[in-house]
Amino acid sequence: MKSAQWGIICICKHACGSLRPLWSPPPQPEGFIVKHRYATFFFDARRDRLEFAERFVRGELKRGMTETEARYIGRRCRLRLIDEIRLDTRRETGFGRKSNHEYEAALQKVKHLPGDELWRHIRMYCPTWRDATNAAIARDWYCSEGWIRKLRIKSAASLWSLAENDAQRKAFEVLRLKPKKPVA
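Residues numbered from 1 in each chain as written. Predicted model: local features only at pLDDT ≥ 70, side-chain atom pairs only at ≥ 80, totals over all residues. Heavy atoms only, no water.

Student: How do you make sense of helix α6 (residues 117-125) when you look at a structure like this?
Tutor: Along an α-helix, residues three or four positions apart point the same way, because every turn accommodates 3.6 residues. For α6, the complete set of buried residues consists of Leu118, Trp119, His121, Ile122 and Arg123. Taken together, the buried residues of α6 touch α5 (100-110), α7 (134-141), α8 (145-162) and α9 (166-174). (Buried < 20%, exposed > 50% of the residue type's maximum accessible area, 1.4 Å probe, protein only. Helix = DSSP H or I, 4+ residues; strand = E, 2+ residues; numbered from the N terminus. Contact = heavy atoms within 4.5 Å.)

Student: It is not clear to me how the packing of α7 against α8 should be interpreted in this structure. Could you clarify?
Tutor: Two numbers describe a pair of packed helices, the interaxial angle and the distance between the axes. Direction vectors running N to C along α7 and α8 enclose 110 degrees, while the axes themselves pass 8 Å from each other. Put simply, α7 runs roughly perpendicular to α8. The handedness of the crossing between α7 and α8 comes out as right-handed. Two secondary-structure elements touch here, α7 through Asn134, Ala135, Ile137, Ala138 and Trp141 and α8 through Glu145, Ile148, Arg149, Leu151 and Arg152. A class-by-class count of the residues in the contact of α7 with α8 yields six nonpolar, one polar and three charged. (Axes fitted to C-alpha atoms, helices over the stretch in contact; angles between N-to-C directions. Parallel < 35°, antiparallel > 145°, perpendicular 65-115°, else oblique. Left-handed = near helix turned anticlockwise from the far one by under 90°. Nonpolar A, V, L, I, M, F, W, Y, C, P; charged D, E, K, R; others polar.)

Student: Whenever I open this one, the nonpolar core confuses me. Can you help?
Tutor: Looking at soluble globular proteins, one finds that nonpolar side chains tend to be buried together. One finds Tyr103, Val110, Trp119, Ile122, Phe172, Leu175 and Leu177 to be the most contacted residues of the largest nonpolar core, which totals 24 residues. Elements that contribute at least two residues to this core include exactly α5, α6, α7, α8 and α9. Among the elements that make up this core, the one with the highest residue count is α8 (five residues). Dropping the residues within four chain positions of it, Val110 is found in contact with Trp119, Gln168, Ala171, Phe172 and Leu175. One finds Cys16, Phe52, Phe56 and Ile85 within the second-largest nonpolar core, a separate group that totals 12 residues. (Core = buried A, V, L, I, M, F, W, Y, C linked by side-chain atoms within 4.5 Å.)

Student: Before we go on, may I ask you to explain the packing of α8 against α9 in this structure?
Tutor: Taken N-terminus to C-terminus, the directions of α8 and α9 make an angle of 160 degrees; their axes are 9 Å apart at the nearest point. As far as their axial angle goes, α9 and α8 are roughly antiparallel. Every pair of crossing elements has a handedness; the one defined by α8 and α9 is right-handed. Taking contact as the criterion, the partners of Leu159, Trp160 and Leu162 in α8 are, on α9, Gln168, Arg169, Phe172 and Glu173. Class assignment of the residues belonging to the contact of α8 with α9 gives a composition of four nonpolar, one polar and two charged.

Student: Where do I start with the packing of aromatic side chains in this structure?
Tutor: Each aromatic ring pair is summarised here by two numbers: the centre-to-centre distance and the angle between the ring planes. Taken as a whole, this structure holds two aromatic pairs when the rule is applied. Relative to Phe56, the ring of Phe52 lies with its centre 6.3 Å away and its plane at 20 degrees, an arrangement referred to as stacked. Of the two residues, Phe52 and Phe56 are both situated in helix α2 (residues 41-63); the distance of four residues between them amounts to about one turn of the helix. Note on Phe52: relative accessible area 3%, which makes it buried. Their ring planes at 65 degrees and their centres at 5.7 Å tell us that Trp119 and Phe172 sit as a pair that is edge-to-face. Of this pair, Trp119 sits in helix α6 while Phe172 sits in helix α9, placing them 53 residues apart in sequence. Like Trp119, the residue Phe172 is buried in the burial classification. (Phe/Tyr/Trp six-rings, centres within 6.5 Å; stacked < 30°, edge-to-face > 60°.)

Student: Just checking my understanding: could you explain the pattern of salt bridges for this structure?
Tutor: Opposite charge on two side chains makes pairing possible when the charged atoms of those side chains draw close. For the coordinates displayed, the defined rule picks out six salt bridges. For Arg63, the salt bridge is made with Glu60, and the minimal N-O distance between the two is 2.6 Å. Pair noted here: Arg63 and Glu60 are both in helix α2, with a separation of three residues, about one helical turn. Judged by relative accessible area, Glu60 falls into the buried class, the value being 5%. Between Glu60 and Arg80 there is a salt bridge; the shortest N-O distance is 3.9 Å. Taken together, the residues Glu60 in helix α2 and Arg80 in helix α4 (residues 73-93) connect sequence positions 20 residues apart. (Salt bridge = Lys/Arg side-chain N within 4 Å of Asp/Glu carboxyl O.)

Student: Is there a simple way to think about the environment of Arg169 in this case?
Tutor: Among the structural elements, Arg169 can be located in helix α9. Taking the C-alpha atoms as reference points, Arg169 and Ala106, 63 residues apart in sequence, are found 9.5 Å from one another. Those residues in contact with Arg169 that lie beyond four places of it in its chain are Trp160 and Ala163.

Here it is, written out as structure tokens:
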């Protein structure tokens, strides 16, 4: 059983290829000057990929897999690693979705402004940022996300010119209604 598990781990490690979990240089010891802080970068990447593959395979074996899931375990391991890298990146850089409190505060600042159909929908039927995503609105309206994206761009241009001050423009940025091209 251990050799089969190790074989699956090697398949996952190979599938992850050149991807690697986030890495930061080791801290410098007191009194020493490290000339090359990235000396262990390559070896740490190999070790981190192997540790990730081991964790992933053990979790999947503990959970139990169907034949189809077992067949595509390398692909699933690679995609899970990509998700984990994105999550770490967003966590470290502060990039990502706004909190509901920030969304609600921004919505209250600009709720009184008139606008098109998309803006009315966001004002009335989207109490959280999750409801105001392109995917959620497209699902509600039975249309494509691309169409909602185009509507959002048009709506952003018209609403941006209606904003009365910088606080309202900042609120539109939080609501993801900032035009790509500057509006005069």
